[in-house]
Amino acid sequence: MTRPTLLPDAARKEALEGLSGWTYDAPAKAISKTFKFKDFSEAWGFMNRAALKAEVMDHHPEWFNVYNRVEVKLTTHDADGVTRLDIELAAAMDAFAG
């Protein structure tokens, strides 16, 4: 398996422009977003779909859930920052959230 490569700043910025509501956290070297749902069941369903995608990708999010809110942080630890894997998983999460 090839090690993922860090996205250059310009590529990361361009990728973020194509995602809704994701922001770059420079100190954490990660992208993040808070998703809000109608209730806990909807939030849990989103997390289930995201978890299955993450498992297939072998790329797992840092996240926190309280009731209808899911806070997500994506970074690629092997690359020490944001890679195409983070952008791909972010786009999938946006699609799952509807």
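Scroll up to find the structure.
Quick look at the structure, then. This one's a predicted model, so the numbers in the text were calculated from it and none came from an experiment.

Focus on the side chain of Asp94
Consideration 1: Looking at where Asp94 falls in the secondary structure, it is placed in helix 3 (residues 84-97).
Consideration 2: Those residues within four positions of Asp94 in sequence are excluded, and the remaining contacts are Leu19, Ser20, Trp22, Lys33 and Phe35.

Looking at the sheet that holds strand 4 (residues 69-74)
Consideration 1: Pairing in this open sheet of 4 strands is antiparallel, and the strands run 1-2-4-3 from one edge to the other. The open sheet is flanked by strand 1 (23-25) and strand 3 (62-66), the only strands paired with a single partner. Ignoring which end each strand starts from, the neighbouring axes of this sheet average 25° apart.
Consideration 2: As paired elements, strand 2 (residues 30-36) and strand 4 share 6 bridges and run antiparallel to each other. Bridge pairing in strand 4 places Lys33 opposite Val72.
Consideration 3: Its contacts with the sheet place helix 2 (residues 40-57) against strand 2, strand 3 and strand 4, and it is angled at close to 165° to strand 3.
Consideration 4: Of the strands in this sheet, strand 2, strand 3 and strand 4 touch helix 3, which is tilted by about 5° from strand 2.

Section: the pattern of salt bridges
Consideration 1: Tallying each qualifying case throughout the model produces 6 salt bridges.
Consideration 2: Note that Lys53 is salt-bridged to Glu88, the shortest N-O span being 3.3 Å. Note that Lys53 is positioned in helix 2 and Glu88 in helix 3, a separation of 35 residues in sequence.
Consideration 3: The partner of Arg84 in a salt bridge is Glu88, and the shortest N-O contact between them spans 3.8 Å. Of the two residues, Arg84 and Glu88 are both situated in helix 3; the distance of 4 residues between them amounts to about one turn of the helix.

Considerations on the pairing of strand 3
A regular strand places its side chains so that they alternate between the two faces of the sheet.
Consideration 1: Sheet analysis places strand 3 next to strand 4, joined by 5 bridges and oriented antiparallel. Across the sheet, residue Trp63 finds its bridge partner in strand 4, namely Val72.
Consideration 2: A loop of 2 residues connects strand 3 with strand 4, the two strands running antiparallel in sequence, and Tyr67 in this loop sits at a positive phi of about 45°.

What about unusual backbone geometry?
Consideration 1: Look at Tyr67: it is not a glycine, yet its phi comes out positive at around 45°.
Consideration 2: Looking at the secondary structure, you find Tyr67 in the loop between strand 3 and strand 4.
Consideration 3: Phi at Asp80 takes a positive value of approximately 60°, unusual for a residue other than glycine.

Examining helix 3
Consideration 1: End to end, helix 3 covers 20 Å across 14 residues, agreeing with the expected 20 Å (1.5 Å per residue, within 8%).
Consideration 2: Among the residues making up helix 3, those that are buried are Leu85, Asp86, Ile87, Leu89, Ala90, Ala92, Met93 and Asp94.
Consideration 3: Where helix 3 is buried, its residues contact helix 1 (9-17), strand 2, helix 2, strand 3 and strand 4.
Consideration 4: Of the residues flanking the end of helix 3, it is Gly98, one or two places downstream, whose phi is positive at about 80°.

Reading the values: rules and limits
- Residues numbered from 1 in each chain as written.
- Predicted model: local features only at pLDDT ≥ 70, side-chain atom pairs only at ≥ 80, totals over all residues.
- Heavy atoms only, no water.
- Helix = DSSP H or I, 4+ residues; strand = E, 2+ residues; numbered from the N terminus.
- Contact = heavy atoms within 4.5 Å.
- Pairing = 2+ DSSP bridges.
- Axes fitted to C-alpha atoms, helices over the stretch in contact; angles between N-to-C directions.
- Salt bridge = Lys/Arg side-chain N within 4 Å of Asp/Glu carboxyl O.
- Expected span 1.5 Å × (residues − 1).
- Buried < 20%, exposed > 50% of the residue type's maximum accessible area, 1.4 Å probe, protein only.

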